[in-house]
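Understanding the architecture of this molecule
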Amino acid sequence: MTKEKEIYHQAGSCTAESRFQHKWHYNLRYLIVGILFGIVFVKAEIISWFRIQEMFRLQSFHMYGVIGSAIVTGMISVWLIKRFKIKTVEGEPVFIASKKFSKGQIYGGLIFGFGWAVTGACPGPLFAQIGTGSFAVIVTLLSAVSGTWVYGYFRGKLPH
């Protein structure tokens, strides 16, 4: 194991945890990027309940095109990061941990997909939907937070 990987394994459960401490206003850049990301979601109709229902009913290619292009972009990005050993803005090495397949991923994916189909929202666009005035989505947000808490509580007893 390289020294960099060893450092990340000693950090605990989060392999991407930064060692740098910043003042609170340093996070404003993430707020700005998040707002811009939300605007793109709204303009591209990615947060539209109707678009999501069209996707699950196999009536439209719109969402599949968006998701597919995101997957291709992610694959190219990870390849570039690994190929050129790209570092973070702070100069830290990027370490992408290997993951092995488990049947728990199938169960989690089914639960996630079912929740997405029923509510018309996945975790990414929740805040953009609330920002556009769809305040009923707050119930979905609270459910997502509750589900995350329940998973964390029972994580040791679940199949991994």
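Going along each chain's sequence as written, the residues are numbered from 1 onward. Local features in this predicted model are restricted to residues of pLDDT 70 or higher, and side-chain atom pairs are both shown and tallied only at a pLDDT of 80 or more, whereas totals for entire chains, interfaces and linings draw on every residue. Only heavy atoms go into the side-chain values, all of them from the structure, while hydrogens and water stay out.

Digging into the overall build of the protein chain
Numbering of helices and strands starts at the N terminus; helices are DSSP runs of H or I of at least 4 residues and strands are runs of E of at least 2. Within the protein chain, the secondary structure is distributed over seven helices and zero strands. Each of the 160 residues in the protein chain was classed as buried or not, and the buried ones make up 18%. Any two residues having at least one pair of non-hydrogen atoms within 4.5 Å are treated as being in contact. Within the protein chain, counting contacts between residues at least 6 apart in sequence, those at least 24 apart form 45% of the total. Exposure is judged per residue with a 1.4 Å probe applied to protein chains only, and the accessible area is read against the type maximum: over 50% gives exposed, under 20% gives buried, and values in between give partly exposed.

Focus on helix α7 (residues 137–154)
In this analysis, the expected span of each helix is defined as 1.5 Å times one less than the number of residues it contains. Between the first and last C-alpha of α7 there are 26 Å, a value that for 18 residues agrees with the 26 Å anticipated at 1.5 Å per step. Taken residue by residue, α7 has V137, T140 and L141 as its buried positions. One side of α7 holds all its buried residues, which, seen down the axis, span an arc of 105°. Exposed side chains of α7 directed beyond 90 degrees from the buried face belong to V139, L142, W149 and Y153. Of the surrounding secondary structure, the elements contacted by the buried residues of α7 are α5 (103–119) and α6 (126–131). Directions are taken from the helix axis to each C-beta atom, and the arc is the one they span.

Remarks on the packing of helix α3 (residues 49–56) against α5
Direction vectors running N to C along α3 and α5 enclose 130°, while the axes themselves pass 8 Å from each other. In this view, α3 runs oblique relative to α5, as classed from their interaxial angle. Considering only the axes of α3 and α5, their crossing is left-handed. Here W49, I52, Q53, M55 and F56 of α3 lie close against α5, whose contacting residues are G113, W116, A117, V118 and T119. Counted by class, the contact of α3 with α5 contains seven nonpolar, three polar and no charged residues. Axes here mean lines fitted to C-alpha atoms, for a helix over just the part in contact, with angles spanning 0 to 180 degrees between N-to-C directions. Should an angle lie under 35 degrees it is considered roughly parallel, over 145 roughly antiparallel, and from 65 to 115 roughly perpendicular; all remaining angles are considered oblique. Here a crossing is called left-handed whenever its near helix is offset anticlockwise from the far helix by less than a right angle, and right-handed whenever the offset is clockwise. Classes in brief: Ala, Val, Leu, Ile, Met, Phe, Trp, Tyr, Cys and Pro nonpolar; Asp, Glu, Lys and Arg charged; the others, Gly included, polar.

Describing the confidence of the model for the protein chain
Here the protein chain shows a mean pLDDT of 84. Residues at 70 or above account for 87%. Confidence of the prediction at every residue is given by pLDDT, a number between 0 and 100. For the protein chain, per-element mean pLDDT is lowest for helix α1 (residues 3–10), which scores 48, and highest for helix α4 (residues 62–84), which scores 94. Low confidence marks residues 7–12, where pLDDT is under 50. Its contacts with residues over four positions away, or in another chain, come to eleven contacts.

Section: the environment of L126
The topology assignment puts L126 in helix α6. L126 sits in the buried class, given a relative accessible area of 3%. Each C-alpha atom, one on L126 and one on A144, is 9.6 Å from the other, the two residues being 18 residues apart in sequence. Once you skip the residues sitting within four places of it in the chain, L126 turns out to touch A121, V137, T140, L141 and A144.

A look at the pattern of salt bridges
Between side chains of opposite charge, a pair can form when the charged atoms approach closely. Here, a salt bridge means any Lys or Arg side-chain nitrogen found within 4 Å of an Asp or Glu carboxyl oxygen. Counted according to the given criterion, the structure contains two salt bridges. Between R51 and E45 there is a salt bridge whose closest N-O contact spans 2.8 Å. Where R51 meets E54, a salt bridge forms, and the shortest distance between an N and an O atom there is 3.4 Å. Placement of the pair is R51 and E54 together in helix α3, with a separation of three residues, close to one helical turn. On the accessibility criterion, R51 (23% relative accessible area) is partly exposed. In the salt-bridge network here, residues are joined through shared partners; they are E45, R51 and E54.

Side note on the packing of aromatic side chains
The aromatic pairing rule takes the rings of Phe, Tyr and Trp, using the six-membered ring of Trp, and pairs them if the centres are within 6.5 Å, calling planes under 30 degrees apart stacked, those over 60 edge-to-face and the rest tilted. For the structure shown, the criterion picks out seven aromatic pairs. Taken together, F56, F112 and W116 form an aromatic cluster joined through their ring pairs. For R83, the ring lying beneath its charged end belongs to F84, and the centroid distance is 5.6 Å. Charge-over-ring contacts are defined here by two conditions on Lys NZ or Arg CZ: a distance within 6 Å of the ring centre and an angle within 35 degrees of the ring normal.

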